[in-house]
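Single-letter residue listing:
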Amino acid sequence: MAPAIEIRNLSVEFGDLVALQDISLSVANQEFVVLLGPSGCGKSTLLSVLAGLQPPTSGEVVVKHATKNKHNKHIGYVFQQAALLPWFSVMQNITVGLKAIGLNLAEAERIAQRYIDVLNLQGFERAYPHMLSGGMQQRVGLARALAIDPEILLMDEPFGALDAQTRALLQEELLRLWERDKKTVVFVTHSIEEAVLLADRVIVMTARPGTVKANTEIDIPRPRSRGGGAGGKVIALENELWSLVRSEAVKAFRI
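As the structure is a computational prediction, the values presented were derived from the model and not from experiment. (Residues numbered from 1 in each chain as written. Predicted model: local features only at pLDDT ≥ 70, side-chain atom pairs only at ≥ 80, totals over all residues. Heavy atoms only, no water.)

Glancing now at the confidence of the model for the chain. Averaged over every residue, the pLDDT of the chain is 89; residues scoring 70 or more account for 93%. Mean pLDDT in the chain bottoms out at helix H7 (residues 231-254), which sits at 87, and peaks at strand S3 (residues 32-36), which reaches 97. Counting contacts from residues 66-72, a segment whose pLDDT is below 50, to residues more than four positions away or on other chains yields 14 contacts. (pLDDT = per-residue confidence, 0-100. Helix = DSSP H or I, 4+ residues; strand = E, 2+ residues; numbered from the N terminus. Contact = heavy atoms within 4.5 Å.)

Looking at chain direction, strand S1 (residues 3-14) and strand S2 (residues 17-28) are connected through eight bridges and run antiparallel. Its bridge partner lying in S2, isoleucine 7 is registered against leucine 25. Two successive antiparallel strands, S1 and S2, enclose a turn made up of two residues, where glycine 15 displays a positive phi of approximately 65 degrees. (Pairing = 2+ DSSP bridges.)

Moving on: the sheet that holds strand S5 (residues 75-78). Read across the sheet, six strands follow the order S5-S6-S7-S3-S8-S9 without closing on themselves; strand pairing throughout is mixed. With partners counted over all chains shown, the strands left at the sheet margins are S5 and strand S9 (212-217), one partner each. Taken over all neighbouring pairs, the strand axes of this sheet differ in orientation by 15 degrees on average, direction set aside. In terms of strand pairing, S5 meets strand S6 (residues 152-156) through four bridges, oriented parallel. (Axes fitted to C-alpha atoms, helices over the stretch in contact; angles between N-to-C directions.)

This is how it looks when you write it as structure tokens:
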């Protein structure tokens, strides 16, 4: 598959602190790539560079795309916390991005309603964020990112703050949507189990300064589910990834 993202010799520094150092990797079109590594290794910083929110100190990022239509926004971003506007309803939080790219209110609400239905938020269109559970807020954040129909979806530990049951359900929902739409996804997590469940490929990053330690293919057939027939292979891959991550986590703990 043709690359959707190419990162070449990328470094990011904040004064004397080197967050990322000489990272080179590519992400294929429609590929689901997970960034895995210890806290502080620069995973979120790398995602910010891909989104154009943080300029690199050196190196470059080339994002290739063919925009589907004039309203298409190229990159969607899902944050660790839903980051909803508290004075906006569910419907308004989803339509705000659509209106920003030029859609009128009626069209924006039509598209928003589609994702409200897809993510089982019906009946909460006029609810405000404080009226929603954490899992529902995160579903609104996902709907907001998907509604603009991005070609690339960046996700920064979107399920990390949720309880285990809600997290599992949203992982399944994300996989269902990805299987349907085949967007290019770059997903940040600390969870090895989550990485193996979701990814086509896992990029293991070192402790700060973050760089690529390993590039691991997850060769488990899709569709995947917990407790499926690939249990032995899943355990082997989780053990392999843990062996790669553990020494970096120890280093990060001591920094």
